[in-house]
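Each chain, written out:
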Amino acid sequence: MATYSIHFLCNECGQEHQVGTCITLEAGPEDKASVSDIYHGRDLPLQIATAKSNITWCPKTCMLTSQEDNDRVFLVPMANVK
Ligand SMILES: [Zn+2]
(Lines give C-alpha, C1' and ligand atoms only; values in the text may rest on other atoms or scores of the structure.)
Protein backbone atom coordinates (compact mmCIF):
# COMPACT_ATOMS: atom_id res chain seq x y z
CA MET A 1 0.00 0.00 0.00
CA ALA A 2 1.24 3.46 -0.87
CA THR A 3 -0.20 6.94 -0.54
CA TYR A 4 -0.26 9.25 -3.53
CA SER A 5 -0.77 12.94 -3.95
CA ILE A 6 -2.90 13.95 -6.95
CA HIS A 7 -1.29 16.57 -9.20
CA PHE A 8 -2.48 18.14 -12.42
CA LEU A 9 -0.97 20.13 -15.24
CA CYS A 10 -2.59 23.54 -15.18
CA ASN A 11 -4.26 24.84 -18.37
CA GLU A 12 -3.84 28.42 -17.16
CA CYS A 13 -0.11 28.61 -16.41
CA GLY A 14 1.25 25.31 -17.75
CA GLN A 15 2.73 24.33 -14.41
CA GLU A 16 1.87 21.44 -12.17
CA HIS A 17 -0.29 21.95 -9.09
CA GLN A 18 -1.23 19.71 -6.21
CA VAL A 19 -4.95 19.06 -5.84
CA GLY A 20 -4.61 18.60 -2.09
CA THR A 21 -6.25 15.19 -2.16
CA CYS A 22 -4.41 12.02 -1.22
CA ILE A 23 -5.28 8.53 -2.33
CA THR A 24 -4.10 5.14 -1.09
CA LEU A 25 -3.60 2.38 -3.64
CA GLU A 26 -2.90 -1.33 -3.25
CA ALA A 27 -0.81 -1.62 -6.39
CA GLY A 28 0.12 1.84 -7.55
CA PRO A 29 3.13 3.01 -9.54
CA GLU A 30 6.53 3.39 -7.85
CA ASP A 31 7.14 6.73 -9.50
CA LYS A 32 5.00 9.59 -10.70
CA ALA A 33 2.67 8.41 -13.46
CA SER A 34 -0.24 9.88 -15.38
CA VAL A 35 -3.75 8.65 -14.66
CA SER A 36 -4.14 7.57 -18.28
CA ASP A 37 -1.07 5.32 -17.94
CA ILE A 38 -2.24 3.79 -14.70
CA TYR A 39 -5.92 3.33 -15.51
CA HIS A 40 -5.71 2.76 -19.24
CA GLY A 41 -9.16 1.59 -20.30
CA ARG A 42 -10.35 1.09 -16.73
CA ASP A 43 -12.67 3.04 -14.45
CA LEU A 44 -11.01 5.67 -12.30
CA PRO A 45 -11.21 5.36 -8.53
CA LEU A 46 -13.88 7.70 -7.18
CA GLN A 47 -11.32 9.93 -5.42
CA ILE A 48 -9.50 10.60 -8.68
CA ALA A 49 -12.70 11.17 -10.64
CA THR A 50 -13.85 13.61 -7.96
CA ALA A 51 -10.52 15.44 -7.89
CA LYS A 52 -10.63 15.78 -11.66
CA SER A 53 -14.12 17.26 -11.71
CA ASN A 54 -13.35 19.72 -8.90
CA ILE A 55 -12.60 23.24 -9.98
CA THR A 56 -9.54 24.64 -8.25
CA TRP A 57 -7.62 27.89 -8.15
CA CYS A 58 -4.46 28.27 -10.12
CA PRO A 59 -2.09 29.84 -7.55
CA LYS A 60 -0.09 31.51 -10.33
CA THR A 61 -2.85 33.27 -12.25
CA CYS A 62 -5.65 33.27 -9.64
CA MET A 63 -7.92 31.83 -12.33
CA LEU A 64 -10.37 29.01 -11.73
CA THR A 65 -9.29 25.90 -13.54
CA SER A 66 -9.90 22.16 -13.78
CA GLN A 67 -8.28 19.34 -15.65
CA GLU A 68 -10.36 16.63 -17.36
CA ASP A 69 -7.53 15.18 -19.47
CA ASN A 70 -6.21 11.94 -17.92
CA ASP A 71 -2.85 12.54 -19.60
CA ARG A 72 -2.50 15.71 -17.52
CA VAL A 73 -3.48 14.30 -14.14
CA PHE A 74 -0.74 12.54 -12.19
CA LEU A 75 -0.33 10.40 -9.12
CA VAL A 76 2.86 11.19 -7.22
CA PRO A 77 4.01 8.88 -4.40
CA MET A 78 3.95 10.86 -1.15
CA ALA A 79 7.51 9.70 -0.49
CA ASN A 80 8.53 11.72 -3.58
CA VAL A 81 6.57 14.88 -2.74
CA LYS A 82 8.86 17.56 -1.47
ZN1 LIG B 1 -1.63 27.18 -12.73
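About the criteria used
Residues numbered from 1 in each chain as written. Predicted model: local features only at pLDDT ≥ 70, side-chain atom pairs only at ≥ 80, totals over all residues. Helix = DSSP H or I, 4+ residues; strand = E, 2+ residues; numbered from the N terminus. Rg over C-alpha atoms; globule rule 2.2 N^0.38 Å. Buried ≥ 20, exposed ≤ 12 C-beta atoms within 10 Å, placed from the backbone. Contact = placed C-beta atoms within 7 Å.

Trainee: Please clarify how the overall build of the chain should be interpreted in this entry.
Mentor: Secondary structure summary: the chain contains 2 helices and 6 strands in total. In the chain, the order of α-helices and β-strands from amino to carboxyl end is β-β-β-α-α-β-β-β. Compactness check: the chain gives a C-alpha radius of gyration of 12 Å against a globular reference of 12 Å for 82 residues, within 12% of the reference. When each of the 82 residues of the chain is scored for burial, the buried share is 17%. Considering only contacts within the chain whose residues lie at least 6 apart along the sequence, 62% involve residues at least 24 apart.

Trainee: For this particular structure, what's the right way to read unusual backbone geometry?
Mentor: Peptide bonds are mostly trans, and most non-glycine residues show a negative phi. Backbone geometry at cysteine 62 places phi at a positive 60 degrees, although glycine is not the residue there. As for its position among the elements, cysteine 62 is in the loop between strand S4 (56-57) and strand S5 (64-65).

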